Amino acid sequence: MATPFPTDWRTALVLVPHPDDAEYGMSAAVNRWTREGKAVIYVMATSGEAGIAGMEPEECGPIREAEQLRSAAVVGVHTVDFLHFPDGKLTNDASMRAAIDHALERHQPEVVITIFTGEQYAPGVPNQSDHIMFGQAVNETMKAHDDLWLFETAPSGEIFVDVTDEDVEAAVAALAEHEQYLRVLDPDTPVIEQARNQVNMSTLAADGSRRSTFILRRERATI
Ligand SMILES: [Zn+2]
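Report on the accompanying structure. (Residues numbered from 1 in each chain as written. Predicted model: local features only at pLDDT ≥ 70, side-chain atom pairs only at ≥ 80, totals over all residues.)

## With respect to the sheet that holds strand β9 (residues 159-162)
With mixed pairing, the eight strands of this open sheet are ordered in space as β1-β9-β10-β8-β5-β2-β3-β4. The open sheet has two edge strands, β1 (3-4) and β4 (80-82), and neither has a second partner. Looking at chain direction, strand β2 (residues 11-16) and strand β3 (residues 39-44) are connected through six bridges and run parallel. Across the sheet, the residue bridging to Val 14 is Tyr 42, located in β3. Running over the sheet, helix α4 (residues 129-141) touches β2, β5 (111-114), β8 (149-153) and β10 (211-218) and is turned about 155 degrees from β5. (Pairing = 2+ DSSP bridges. Helix = DSSP H or I, 4+ residues; strand = E, 2+ residues; numbered from the N terminus. Contact = placed C-beta atoms within 7 Å. Axes fitted to C-alpha atoms, helices over the stretch in contact; angles between N-to-C directions.)

## A closer look at the nonpolar core
If you look at the biggest cluster of nonpolar residues, it comprises 60 residues, and the most contacted ones within it are Val 14, Leu 15, Val 112 and Ala 171. Examining the composition of this core, we find that eight residues originate from one element, helix α5 (residues 165-176), more than from any other. (Core = buried A, V, L, I, M, F, W, Y, C linked by C-beta atoms within 7 Å. Buried ≥ 20, exposed ≤ 12 C-beta atoms within 10 Å, placed from the backbone.)

## Thoughts on the environment of Ala 50
Position of Ala 50 among the secondary structure elements: in the loop between β3 and α2 (57-74). Residue class for Ala 50 comes out partly exposed when judged on the 19 C-beta atoms lying within 10 Å of it. In the structure, Ala 50 is positioned 38 residues away from Gly 88 in sequence and 6.8 Å away in space, judged by C-alpha atoms. Residues in contact with Ala 50, not counting those within four places in the same chain, are Pro 57, Asp 87 and Gly 88.

## A short note on helix α3 (residues 94-107)
Residues lying three or four places apart along an α-helix face the same way, a consequence of the helix completing one turn every 3.6 residues. The end-to-end C-alpha distance of α3 is 20 Å, a good match for the 20 Å that 14 residues give at a rise of 1.5 Å each. All buried positions along α3 are accounted for by Met 96, Ile 100 and Ala 103. End-on view of α3: buried residues confined to an arc of 55 degrees, all on one side of the axis. For α3, the exposed residues set more than 90 degrees away from the buried face come down to Ala 94, Ser 95, Ala 98 and Glu 105. Taken together, the buried residues of α3 touch β2, β3, β4 and α4. (Expected span 1.5 Å × (residues − 1). Arc of directions from axis to C-beta.)

## Some words on the environment of Ala 103
Within the secondary structure, Ala 103 is located in helix α3. Given 20 C-beta atoms within a 10 Å radius, Ala 103 is considered buried. Each C-alpha atom, one on Ala 103 and one on Thr 79, is 12 Å from the other, the two residues being 24 residues apart in sequence.

This is the structure we're talking about:
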């Protein structure tokens, strides 16, 4: 059953594996939240240094971090931490869970949002190993933090945040900041067009309204 995202919180921590993971739909909701005065912080397990074909990790990592900082700023996120785990090789192990725990301690959120951990986005469209491993590490670490809400990003989730045209435009601009990444990914389609297509795909509801959607993994325990 479709349910609105809770509103009685001040700080959300977005924990994702790669630069750009927050930009496929969720950043429209992030723009609404920051416009309404809430704080949103991004923590990335990697710098996405293996993400641009033909580019060495030492060159790629700093480019992708810089793109992510600009992208986050577009939707009002001014704190982005990079944990520097190896892109493409994430495992749900003790050092990963300790780093996640440290991020929770450091930022003291009431809401935690991580990446979709399902095996497939759609039939025949498998999820990435890094997403599943890191998302599972967040889910596991959160067992010791039952005073926090936990969500996953999901294009067809039941928990929704209604967003405005302004939020959608901000989300498109945020994704387009991943310029070098998108240009190499699809050299034939202009970056802004790629960004608009992706954001449309993940925010346009069947009835024409705009929303970002999530899966609720755990409600916060009531005191
Ligand atoms: Zn990713």
